[in-house]
Amino acid sequence: MLKKDSTSSVSQTGVEKDIAQYEKAKAKKQPWLPVYEQISEMVYTIKAGFTAERSKASLLNENVYDSTGQKALFKAASSFVGMLWQNGGKSVLIKEPEGLKNPTKEELDYYTLMSKKIALAFDNPKANFILAFFEYMLDQLSFGTSGIMAERSKEEGVKIKYKNVGVETWCFAEGPDGYVNKAFGEFKMSIENAAAEYGEDELSEKSRRALADGQGDQEIRILHIIRPRLKRDVDKAGNQNMPIQSTHIEIEAKHRLRDSGFEEMPVNVARFWKRTNEEYGRSLAMNAMPDILTANQVREDRLVANEKRLFPPMGVYSDSLLGTNELDTSARAVNVFNSQGLIAGRVDPTWPIFNVGDVNAANEELIELRDSINEHFFIDRLLDFNNTTQMTLGEAQMRNNIRSEAIVPLVSRQINEVLTPTTERTVSELFRMGELGVLKGTPEEQLMLANGETPIYIPERIAKLMVEGKEFYQVSYVTPAARLMQTEDAQGVLKTWEFVGQVAGVSPQVLDNIDADESLRVIGKAYGAPNGVIRTKKDVEEMRKAMAEEQQQQAAMMQEQQAAMVEQQSAQAEIMGAEAQAKRGQM
């Protein structure tokens, strides 16, 4: 017997309010759809279908004659991913916060362990992070708005699952701070898959009946809403009382499938560029679209012109009154003329009506347009392969500064709005799973010991910061983007040392003003020196202390040796004096 819907009228009204909120968010995205459709038709063709649904297996680039925009998109996306995630999960380093002064070896080893655990979570092939990040970047450069979702995985051997969240199926809304804090995703799922995901008893009555009738392959529309929970009791536990609410709804049936929550926002959304009072971002593809459309038209015109050059429209004479009043100038066209208009002495039975002019002008214009499109996508700044000019160090630094000024603002937004929050979300989930250690005396420790597992203990000072709700770690990166952002500091240090070296020849005391150890750390960080290459401050202090003690011991030994030598020499002198005196007495 089928179970009837147990949703009350009150909760049903809540479902209707949720759907109404989604429709309102979707209405705000509506003006962008024609823009997204044009971009998807010309640049990111796999996403076509914003304003009209495309049939499956249809050719998506039938109207594209010039693919410069598509090539530039994938080059730029690959370059950005390489700059931001060159070393995979090892691109992220977890380090001690500013508040943890003089970290011990145990504490530093713990942060190294955290970095390794997080790298494993990101790099797990089934976690899907690198694919999600690449698709995210394609959406960023195409549509200007996209995000990454990080959720705990149900699959064995996979801690976290990542996926791209784009404007194709999601709508977004901003919070008071101007950042996205609400996400609405609509997707289709077969009733069979919905039963497996949510449980058969959680489906609407209509879906349960369809499943019972063997129609489980029918698709239903499902809405996923992620937003801050407005009413909650902080003293109560449970996923329905967490700060972030997660709701799944059958849209047609107006039926709530699941209501749960998250401790932090699982979706982090960035806007590549953002105009004031607009919730959706703008992209490189939007800026390049005039040139992309013009290049596409020039390429199409050039193809037509070349076809006419190869197969020009022809004219023929005839004694009969054939033909029409229209002149067909298409490629391979044949026009029939009345012979009464035959020019005296003309014997050619056919002839080209006209010849296409020189297409070099179109070729030159196409080159200019392609260069402009590549510049819109920063290909000249992201890829510096074309520069073969030998330069001095100063010239190379100047060129790098120009490149840095163009790229740093773009990558810093990606780091601050998506990569770092996604890393922090990963850290939080791994902590809740017990992957990053436990506190001594907690139930988690007892459970691990009971299962015969060896716990990883969180060092005492770090645990104290956690309990007090203070920052207990900070995220840093070992990537070309991070080095590019720190290059200016490194160059400032190098220039300062260059100046000090010149002045020191006149006034050696100037060296007292500069910290060589700190200079080394700044430069090492800027140029991506691996962990372990530069010793910690504590290790340096201990090493120098040991060296000083050793030098003191050596100095003391030398003094003792010198004193012994003096004493020995004095004794020898006394003996020699006594012997000399004895000889004089004998004389």
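Placed above this text is the structure.
Below: a short report on this structure. These numbers come from a predicted model, not from an experiment. (Residues numbered from 1 in each chain as written. Predicted model: local features only at pLDDT ≥ 70, side-chain atom pairs only at ≥ 80, totals over all residues. Heavy atoms only, no water.)

1. Points about the packing of aromatic side chains
Heads up, the condition is: Only Phe, Tyr and Trp rings take part, Trp by its six-membered ring, and two of them pair if their centres are within 6.5 Å. Stacked means planes under 30 degrees apart, edge-to-face means over 60, and tilted covers everything else. Each helix is a run of H or I in the DSSP string that is no shorter than four residues. Each strand is a run of E no shorter than two, and both are numbered from the N terminus. The buried label goes to any residue with under 20% of its type's maximum accessible area, the exposed label to any with over 50%, and the partly exposed label to all in between, with areas taken from a 1.4 Å probe on protein chains only.
Tallying each qualifying case throughout the model produces 23 aromatic pairs. When the ring of Trp85 is compared with that of Phe122, the centres are 5.1 Å apart and the planes differ by 80°; the resulting orientation is edge-to-face. You can see Trp85 sitting in the loop between helix H3 (68-84) and strand S1 (92-95) and its partner Phe122 sitting in helix H4 (residues 105-123), a full 37 residues away along the chain. Across this residue pair, the class does not change: Trp85 and Phe122 are buried. Summarising the aromatic geometry, the rings of Phe172 and Tyr280 are spaced 6.4 Å apart at their centres and angled 50° between planes, so their arrangement reads as tilted. One end of the pair, Phe172, is in strand S4 (residues 170-174); the other, Tyr280, is in the loop between strand S9 (267-271) and helix H8 (284-310), and 108 residues separate them in sequence. Like Tyr280, Phe172 is buried.

2. Considerations on the nonpolar core
Defined as follows: Nonpolar cores were defined as sets of buried Ala, Val, Leu, Ile, Met, Phe, Trp, Tyr and Cys residues, with membership established by side-chain atoms within 4.5 Å.
In this structure, Phe133 and Phe377 are the most contacted members of the largest nonpolar core, which totals 104 residues. For this core, the element with the highest residue contribution is helix H11 (residues 393-432), accounting for 10 residues. One finds Met189, Tyr198, Leu203 and Ala210 within the second-largest nonpolar core, a separate group that totals 10 residues.

3. Description of the pattern of salt bridges
The line we're drawing: Definition used for salt bridges: Asp or Glu carboxyl oxygen within 4 Å of a side-chain nitrogen of Lys or Arg.
One pass over the structure, following the stated rule, counts 33 salt bridges. Across the pair Asp18 and Arg256 runs a salt bridge, and its minimum N-O distance is 3.1 Å. With Asp18 in helix H1 (residues 9-29) and Arg256 in strand S8 (residues 255-262), this pair connects stretches of sequence that are 238 residues apart. Note that Glu107 is salt-bridged to Arg461, the shortest N-O span being 2.9 Å.

4. Some details on H3
Short version of the rule: A helix's residues, less one, multiplied by 1.5 Å, set its expected span.
Along its 17 residues, H3 runs 24 Å from first to last C-alpha, staying within 8% of the 24 Å computed at 1.5 Å per residue. Counted residue by residue, H3 has 12 buried out of 17 residues, so it is predominantly covered. Burial in H3 covers these residues: Thr68, Gly69, Gln70, Ala72, Leu73, Ala76, Ala77, Ser79, Phe80, Val81, Met83 and Leu84.

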